[in-house]
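Breakdown of the fold
Here are the chains, one letter per residue:
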Amino acid sequence: QVQLVESGGGLVQAGGSLRLSCAASGRTFNAYGMGWFRQAPGKEREFVAAINWHGDDTYYADSVKGRFTISRDNAKNMVYLQMSSLKPEDTAVYCCAAGPGEGAYLTSRQFAYWGQGTQVTVSS
């Protein structure tokens, strides 16, 4: 069992930056692939970024490629999403997801554990 808690969201102006953090509990965290997803009001949840268990394989949605960076620190049981050059269309609730597989997966059904999310609002 893995529990996930996100933090770092907030209100930022367009062009600004935020770093989201996801703290994981559970002995098997280091074996899990991790992902970030987001959901805007009235829209379906969408994939943002994913990283494999070792941290050497990452994938990004085209909409965030070059602006967002996913990383992890297995010693601290943490996953991060560094977001730069933020746009109003990045406004959403951002959730991290984990395992049980070890890869960097792109679809929500491949993740079993989910956090509650953190709100990111980008003003124009």
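Notes on the structure follow.

**With respect to the sheet that holds strand β8 (residues 78-83)**
Strands sit in the order β1-β3-β8-β7 across an open sheet of 4 strands; the sheet is antiparallel. Only two strands of the sheet have a single partner each, and these edge strands are β1 (3-7) and β7 (68-73). Each strand of the sheet is rotated relative to its neighbour by a mean of 15°, with strand direction disregarded. One ladder, built from 6 bridges, connects strand β3 (residues 18-25) with β8; its direction is antiparallel. Bridge pairing links arginine 19 to glutamine 82 in β8.

**What to know about the state of the cysteines**
Under the counting rule described, the total for this entry stands at 1 disulfide. Covalently, cysteine 22 is tied to cysteine 96 through a disulfide, its sulfur atoms 2.0 Å apart. With the S-S dihedral at roughly 50°, the linkage between cysteine 22 and cysteine 96 falls on the right-handed side. Of this pair, cysteine 22 sits in strand β3 while cysteine 96 sits in strand β9 (residues 92-100), and the two are 74 residues apart along the sequence. The two residues cysteine 22 and cysteine 96 agree in class, both being buried. In this model cysteine 95 remains outside any disulfide bridge; the closest cysteine sulfur is found in cysteine 96, 7.5 Å from its own.

**Focus: the pairing of β1**
Burial of the side chains of β1 is restricted to one face: Leu4 and Glu6 are buried, whereas none of Gln3, Val5 and Ser7 on the reverse face is. Note that β1 and β3 share 5 bridges and pair antiparallel. Bridging from a neighbouring strand, leucine 4 pairs with alanine 24 of β3.

**Examining the side chain of arginine 67**
Note that arginine 67 resides in the loop between β6 (58-60) and β7. Ignoring anything within four residues of it in the chain, the contact list for arginine 67 reads Gln82, Met83, Ser84, Ser85, Leu86, Lys87 and Asp90.

**Focus: the layout of surface pockets**
If you add up the space inside the largest pocket, you get close to 160 Å³. Along its surface, the largest pocket is lined by 13 residues, and Arg38, Lys43, Glu46, Glu89 and Asp90 are the ones closest to its centre. Grouping the constituent residues of the lining of the largest pocket by class yields 2 nonpolar, 3 polar and 8 charged.

**Points about the packing of aromatic side chains**
The relative placement of two aromatic rings is captured by the distance of their centres and the angle of their planes. With the rule as written, the count across this model stands at 6 aromatic pairs. Taking the centre distance of 5.7 Å and the plane angle of 75° together, the rings of phenylalanine 37 and phenylalanine 47 count as edge-to-face. Note that phenylalanine 37 is positioned in strand β4 (residues 34-39) and phenylalanine 47 in strand β5 (residues 46-51), a separation of 10 residues in sequence. In this structure, phenylalanine 37 and phenylalanine 47 share a single accessibility class: buried. An aromatic cluster is defined as three or more aromatic residues linked by ring pairs; in this entry it consists of Phe37, Phe47, Tyr105, Phe111 and Trp114. Lying across the ring of tyrosine 80, arginine 19 places its NZ or CZ 4.2 Å from the centre. The ring of tryptophan 114 has arginine 45 sitting right over it, with the charged end atom 4.0 Å from the ring centre.

Parameters and conventions
- Each chain carries its own residue numbering, running from 1 in the direction its sequence is written.
- Whole-chain, interface and lining totals are the exception, using all residues; otherwise, since this is a predicted model, local features are given only for residues with pLDDT of at least 70 and side-chain atom pairs are given and counted only at 80 or more.
- The side-chain quantities take in all heavy atoms of the structure and omit both hydrogens and water.
- DSSP-based pairing: two strands are paired if at least 2 bridges between them are found.
- Numbering goes from the N terminus for both helices and strands, where a helix is a DSSP run of H or I of at least four residues and a strand is a run of E of at least two.
- Helix axes are fitted to C-alpha atoms over the stretch in contact, other axes to C-alpha atoms as well, and angles between N-to-C directions run from 0 to 180 degrees.
- When two cysteine sulfur atoms are found within 2.5 Å, that pair is recorded as a disulfide.
- Only protein chains enter the accessibility calculation, which uses a 1.4 Å probe; a residue whose area is less than 20% of its type maximum is buried, one above 50% is exposed, and one in between is partly exposed.
- Any two residues having at least one pair of non-hydrogen atoms within 4.5 Å are treated as being in contact.
- Any residue with an atom within 4 Å of a point lines the site, the site being either a cavity, points on a 1 Å grid over the protein atoms alone where a 1.4 Å probe fits but cannot get out, or a pocket, an open set with protein on both sides within 12 Å along at least 5 of 7 lines.
- Grid points are joined across faces, edges and corners, and a volume is the space filled by probe spheres set on the points.
- Polar here means any residue outside two lists: the nonpolar Ala, Val, Leu, Ile, Met, Phe, Trp, Tyr, Cys and Pro, and the charged Asp, Glu, Lys and Arg; Gly therefore counts as polar.
- Only centres within 6.5 Å qualify two rings of Phe, Tyr or Trp (six-membered ring in Trp) as a pair; their planes then separate them into stacked at under 30 degrees, edge-to-face at over 60, and tilted for everything else.
- Over a ring means this: the NZ of a Lys or the CZ of an Arg is within 6 Å of the ring centre and within 35 degrees of the ring normal.

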